[in-house]
Amino acid sequence: MNNQEEKLEEQQKPEQDVQTETTEAQAQEQPAEEVKEVTPEEQIEELQKQLAAQKDAYLRLMADFDNFRKNTLRDKQNLLKYGGEDAFKKLLPVIDDFERAIDHMEKSDDINSLREGVNLIYSKFKTYLEQNELTVIPAEMGETFDENIHDAMTLFPAPTPELKGKIVDCVTKGYKLKDKVIRFAKVVVGQ
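Residues numbered from 1 in each chain as written. Predicted model: local features only at pLDDT ≥ 70, side-chain atom pairs only at ≥ 80, totals over all residues. Heavy atoms only, no water.

Asker: Please clarify how the overall build of the protein should be interpreted in this entry.
Answerer: Looking only at helices and strands, one finds four helices and six strands in the protein. The linear arrangement of helices and strands in the protein, starting from the amino end, is α-α-α-α-β-β-β-β-β-β. For the protein, buried positions account for 13% of its 191 residues. Nonlocal contacts in the protein, meaning residues at least 24 apart in sequence, comprise 59% of its contacts between residues at least 6 apart. Carbon and sulfur atoms provide 54% of the accessible area of the protein, an area that totals close to 16400 Å². (Helix = DSSP H or I, 4+ residues; strand = E, 2+ residues; numbered from the N terminus. Buried < 20%, exposed > 50% of the residue type's maximum accessible area, 1.4 Å probe, protein only. Contact = heavy atoms within 4.5 Å. Areas by Shrake-Rupley, 256 points an atom, 1.4 Å probe, with all protein chains shown as cover.)

Now the structure itself:
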């Protein structure tokens, strides 16, 4: 080191010493903050309070979850029990029409008006089913047999060669609710 650097260091040392002395003097002049020492018993007591609070929060959360589970289960049961309520409410006018037709059959001899009334009721009922996306599965004579929507009741010798593997007769209509088959069409298939 050269002399100039040593002189600079010596000049800086007294300044640092003065700053340190000043800070110590200020600390002695200011009243010392009381640092409270925590005893192990107090720490244990504090931790027990925190544990009790956590347990309480946990129990409340478990109770809330249990209530949620019970409510969900009750809602599912009600849905299963009363899910068809709306469908039955909409069928009530059709039942009323049938009752009027039956009552009219006993009092009237006019077959044509009775036939017309029954056809109107059938039309109303069919419209209701279509509005609820219930459709008839096509099973006309000559259509190709499809095991996804048809149920072959029996095989019958085909009257013509074109009817082999095709539907010859429909015994019972099949129905789809939206895209799901709820009853397969029961058909006779040509062999």
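Asker: What am I meant to see in the sheet that holds strand β6 (residues 185-190) here?
Answerer: Each strand in a sheet pairs with another by means of backbone hydrogen bonds, the pair being arranged parallel or else antiparallel. If you walk across this open sheet you meet the three strands as β2-β6-β3, and the pairing is mixed. Whereas interior strands pair on both sides, the edge strands pair on one side only; in this sheet they are β2 (150-156) and β3 (167-172). Each strand of the sheet is rotated relative to its neighbour by a mean of 30 degrees, with strand direction disregarded. As judged from the four bridges shared by β3 and β6, these two strands associate in the antiparallel manner. Bridge pairing in β6 places Asp-169 opposite Val-188. (Pairing = 2+ DSSP bridges. Axes fitted to C-alpha atoms, helices over the stretch in contact; angles between N-to-C directions.)

Asker: Just checking my understanding: could you explain the sheet that holds strand β4 (residues 174-177) for this structure?
Answerer: Spatial strand order, β1-β4-β5: three strands in an open sheet with antiparallel pairing. Both edges of this open sheet fall to β1 (134-137) and β5 (180-183), since each of them pairs with a single strand only. If you compare each strand with its neighbour and ignore which way they point, the axes differ by 40 degrees on average. In the sheet, β4 pairs with β5 via three bridges, with the strands oriented antiparallel.

Asker: Help me understand a nonpolar patch on the surface in this model?
Answerer: Taken together, Tyr-58, Leu-59 and Met-62 make up a surface patch of nonpolar side chains, about 330 Å² in accessible area. Relative to the helices and strands, Met-62 is located in helix α2 (residues 40-82). (Patch = residues over 30% accessible without salt bridge, like charges linked within 9 Å, V, L, I, M, F, W, Y side chains within 5 Å. Salt bridge = Lys/Arg side-chain N within 4 Å of Asp/Glu carboxyl O.)

Asker: How should the packing of helix α3 (residues 85-107) against helix α4 (residues 111-131) be read in this particular structure?
Answerer: Axes are the key here: two packed helices are described by the angle between their axes and the distance separating the axes. Where α3 contacts α4, the axes come no closer than 10 Å and their chain directions differ by 175 degrees. As judged from the angle between their axes, α3 and α4 are roughly antiparallel. Contacts from Ala-87, Lys-90, Leu-91, Pro-93, Val-94, Asp-97, Phe-98, Ala-101, His-104 and Met-105 in α3 reach Ser-113, Leu-114, Ile-121, Lys-124, Phe-125 and Tyr-128 in α4. For the contact of α3 with α4, the per-class residue count stands at 11 nonpolar, two polar and three charged. (Parallel < 35°, antiparallel > 145°, perpendicular 65-115°, else oblique. Nonpolar A, V, L, I, M, F, W, Y, C, P; charged D, E, K, R; others polar.)

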